[in-house]
Structure formats: C-alpha cells, structure tokens
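# Report on the structure
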Amino acid sequence: MAKKSKDLREGLRLPLGERIALAAYDARATPGASGGKKAGLADTARMGRRLAGLQERLWAAGTAGDRRRVLLVLQGMDTSGKGGTVKHVIGQFNPSGCRIKAFKEPTEEERAHDFLWRVRRALPGPGEIGIFDRSHYEDVLIARVRHLARPAEIGSRYGLINDFERELAEDGVTLVKCFLHISYEEQKRRLLRRLDRPDKHWKFAPGDIDERALWPAYQEAYELALEHCATPHAPWYLVPADRKWYRNWAISRLLLEHLKALDPQYPKGDFDVAECRERLLKQT
C-alpha cells in the first residue's frame, strides 16, 4: 500500500507502466492521514478555506488570460462516493468557478459521434475547476464489461485517451484522476442502507444488483485502465474509499497540492489606483 508522505500525490499515485492488482490495496486504509476520523474531519474543514482561496485566484487569473485550469476525474464502482465527493469537497468551492458534469448513458446524439465528443464539450474553461462524475473512462470500463464494443476497438481507446489527455495537459489542464477504491463488502453495506432508507431509494435501482454480480469483470477492467492510462502528465491516484471521511480528506488534499503547485496569482489592475480613489472621493 502507499507509504505515508507529506506529499499525498506521491503517496497515492499509482506506478507507471506496471500491472495493477486492486486486491493488493486496502480499501479501508488511510495513507497520509494521522489522528483518525475526528482529526481528518477538522483538517478537511481547514483545507476547504484554503481551497476556496486558491480557486478564487485561479478564476481571477483566468479572467486575465491565464489558460490554466484543473480537471478532477472521479471513477469508481457504484457507491464508492463520486457524488459524495462532489457534495462534500467541491461544495466548498464557489460554484461560479466550477463546471460539474455527471456522465450518464450516451444519448442518441452522443452515440452519433466518437466517444470523446461529449467529453470535449464538458471540459472546464480557463480558470475553472472541472469535475467529471464518471468520464471518458466509461468507454473502456462498462463498454468492456458489457461488450458494448469490439475488443479491438476498446483496445484502441486506451491510446486515444492517452493522446487526449496529453493534449489537455499541453493546453494548460491539470488532470487529477482519482479512482475511488471501495471493497466488495462495503459496497453491499451501502446498497443495503439505501434499501433501508426511503429517502435513499431514488439512488437505488434493481439493476445495481446485476452490476454487482459483475464485480470481478469490473475489477479487471479498472486494472487495465489504470495500467494503460497512467502517464507522467496524467497519473492515477488510488483513493481508499471505504471510509468516507478519508475519501473526502484525501481528495481535498490532492486538490490543494495541485493548486498550490500551480500557484495562481491575482492579476494586477491596468488602471491608476490613486487616480480612481481620488475620483471616488470627490463624488458626492
């Protein structure tokens, strides 16, 4: 499992060019976190204020021509917490600087184009933080498990995804790709809780049980995607997700580290501050 590190990017980053065995990673682990749940919740709240400040600086820089932006990609099995991450982590940002897209089953229009067409249309603009709840990786995950495309076509998509992400990185996009690693047992507990609570029934569908029966096939599909599509400019981070507080803490920390590395700056005003102040003071 990942070693504890002051830089969580290093601690959670999956190795490049190596076979990935998800069974070797503990979904209840808390790498990099110390002090347990109470300390993690407090630290997440503190990070929220710092993240909001950095987001404002990124957005402000974007108004002055800085093309840099961030794209958070959330992938994981059902109940792994993609929506929870959006609520508890992204919810601390100013929504005007965020672009959130939850990818569902492709529409008829989307099927008429290549699989990256709808993804390109949802990308964040300069200064924005984009969040993908599921993403272009669905086309090498569910498409593989459900045999929605020929094996050769799915195989070619890994290279197309790598080319696409390289293009994004060269255009100023910082990709933060997080695989939310949940255990088989924890998924069952979360699905049962959805059945036990009428206010959660809207999040459940009988088909979820059928998808769960395909767990081994999905694990294999994820292992292949994590292996083939991890690159220096777009690595994968494996986030243990059985503990919700840790998931939120880890993704907050990953975003904080990436934004600090970008170090966006407020643009300088192109006007005479003293002259404007004098004009305002003279007004009655």
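Presented here is a report on the structure given in the accompanying data block. (Residues numbered from 1 in each chain as written. Predicted model: local features only at pLDDT ≥ 70, side-chain atom pairs only at ≥ 80, totals over all residues. Heavy atoms only, no water.)

Evaluated as defined, the whole model comprises six aromatic pairs. With centroids separated by 4.8 Å and ring planes inclined at 40°, the aromatic side chains of Phe179 and Tyr222 adopt a geometry described as tilted. With Phe179 in strand 4 (residues 173–181) and Tyr222 in helix 10 (residues 215–228), the pair connects residues that are 43 residues apart, well separated along the chain. The burial state of Phe179 is the same as that of Tyr222; both residues are buried. Between Tyr246 and Trp249 the ring centres are 5.6 Å apart and the planes differ by 35°, which places this aromatic pair in the tilted class. In this pair, Tyr246 and Trp249 are both assigned in helix 11 (residues 244–262), three residues apart and thus about one turn of the helix distant. Each member of the pair Tyr246 and Trp249 is classed as buried. In textbook terms, an aromatic cluster arises when at least three aromatic residues are bridged by ring pairs, as seen for Trp245, Tyr246 and Trp249. For the cation-ring pair, Lys101 lies above Phe103, with the distance from its terminal atom to the ring centre recorded as 5.7 Å. The ring of Tyr184 is capped by Arg212, whose NZ or CZ atom sits 3.7 Å from the centre of that ring. (Phe/Tyr/Trp six-rings, centres within 6.5 Å; stacked < 30°, edge-to-face > 60°. Helix = DSSP H or I, 4+ residues; strand = E, 2+ residues; numbered from the N terminus. Buried < 20%, exposed > 50% of the residue type's maximum accessible area, 1.4 Å probe, protein only. Lys NZ or Arg CZ within 6 Å of the ring centre and 35° of its normal.)

Which parts of space are left empty comes out when a probe the size of a water molecule is rolled across the atoms. Within this model, the second largest pocket holds a volume of roughly 170 Å³. Taken together, Arg9, Arg13, Val173, Thr174, Leu175, Pro232, His233, Pro235, Tyr237, His258, Ala261 and Leu262 make up the lining of the second largest pocket. When residues of the lining of the second largest pocket are traced back to their parent elements, those giving at least two are strand 4 and helix 11. When grouped by side-chain class, the residues that make up the lining of the second largest pocket number seven nonpolar, three polar and two charged. (1 Å grid on protein atoms, 1.4 Å probe; cavity = no way out; pocket = protein on both sides within 12 Å on 5 of 7 lines; lining within 4 Å. Points joined across faces, edges and corners; volume = space filled by probe spheres on them. Nonpolar A, V, L, I, M, F, W, Y, C, P; charged D, E, K, R; others polar.)

Below, the discussion takes up the environment of Asp133. By the element assignment, Asp133 lies in strand 3 (residues 129–133). Taking the C-alpha atoms as reference, Asp133 lies 4.5 Å from Ala102; in sequence the two are 31 residues apart. Discounting residues that sit within four places of it in the chain, Asp133 has contacts with Leu74, Lys82, Gly83, Lys101, Ala102 and Phe103. (Contact = heavy atoms within 4.5 Å.)

Turning our attention to the state of the cysteines. Counted by the stated rule, this structure contains zero disulfides. As a non-bridged cysteine, Cys98 has Cys178 as the owner of its nearest cysteine sulfur, 15 Å distant. (Disulfide = S-S within 2.5 Å.)

Let us look at the nonpolar core. Leu71, Phe132, Tyr137, Val140 and Trp236 are the most contacted members of the largest nonpolar core, which totals 41 residues. Looking at this core, the elements with two or more residues in it are strand 1 (69–76), helix 6 (138–145), helix 7 (151–170), strand 4, helix 10 and strand 5 (236–240). By residue number, the principal contributor to this core is helix 10, which donates seven residues. Ignoring sequence-local partners within four residues, the contact set of Leu71 consists of Leu123, Pro124, Gly130, Ile131, Phe132, Leu168, Val173, Thr174, Leu175 and Val176. If you look at the next biggest cluster of nonpolar residues, it comprises 33 residues, including Phe93, Val176, Trp249 and Ile251. (Core = buried A, V, L, I, M, F, W, Y, C linked by side-chain atoms within 4.5 Å.)

To continue, consider the pairing of strand 5. Most of strand 5 sits out of view: five of its five residues are buried. Residues Trp236, Leu238 and Pro240 line one face of strand 5 and the alternating positions Tyr237 and Val239 line the opposite face, and both faces are buried. Where strand 4 lies against strand 5, five bridges are found, and the strand directions are parallel. Across the sheet, the residue bridging to Lys177 is Trp236, located in strand 5. (Pairing = 2+ DSSP bridges.)

A word on the sheet that holds strand 2 (residues 98–102). Pairing is parallel in the open sheet, where five strands are placed in the order 2-3-1-4-5. Either end of the sheet is taken by a strand with one partner, and the two such strands are strand 2 and strand 5. The sheet shows a mean angle of 20° between the axes of neighbouring strands, taken without regard to direction. The strands touched by helix 7 within the sheet are strand 1 and strand 4, with strand 4 carrying the most contacts at an inclination of about 135°. (Axes fitted to C-alpha atoms, helices over the stretch in contact; angles between N-to-C directions.)

This part is about helix 11. Relative to the 27 Å expected for 19 residues at 1.5 Å per residue, helix 11 spans 27 Å between its end C-alpha atoms, a close match to the ideal helical length. With 16 of its 19 residues buried, helix 11 lies for the most part within the structure. After helix 11 finishes, the residue Asp263 shows a positive phi value of roughly 50°. (Expected span 1.5 Å × (residues − 1).)

This paragraph deals with the pattern of salt bridges. Opposite charge on two side chains permits them to pair, given that their charged atoms come into close proximity. Within the structure shown, the criterion is met by 27 salt bridges. Where Asp263 meets Arg57, a salt bridge forms, and the shortest distance between an N and an O atom there is 2.7 Å. With Asp263 in the loop between helix 11 and helix 12 (273–282) and Arg57 in helix 2 (residues 36–63), this pair connects stretches of sequence that are 206 residues apart. Note that Glu165 and Lys177 form a salt bridge whose closest N and O atoms lie 2.9 Å from each other. With Glu165 in helix 7 and Lys177 in strand 4, this residue pair connects regions lying twelve residues apart in the sequence. Assessed through its relative accessible area of 0%, Glu165 is described here as buried. Beyond isolated ion pairs, a larger network of salt bridges with shared partners links Asp7, Arg9, Arg253 and Glu257. (Salt bridge = Lys/Arg side-chain N within 4 Å of Asp/Glu carboxyl O.)

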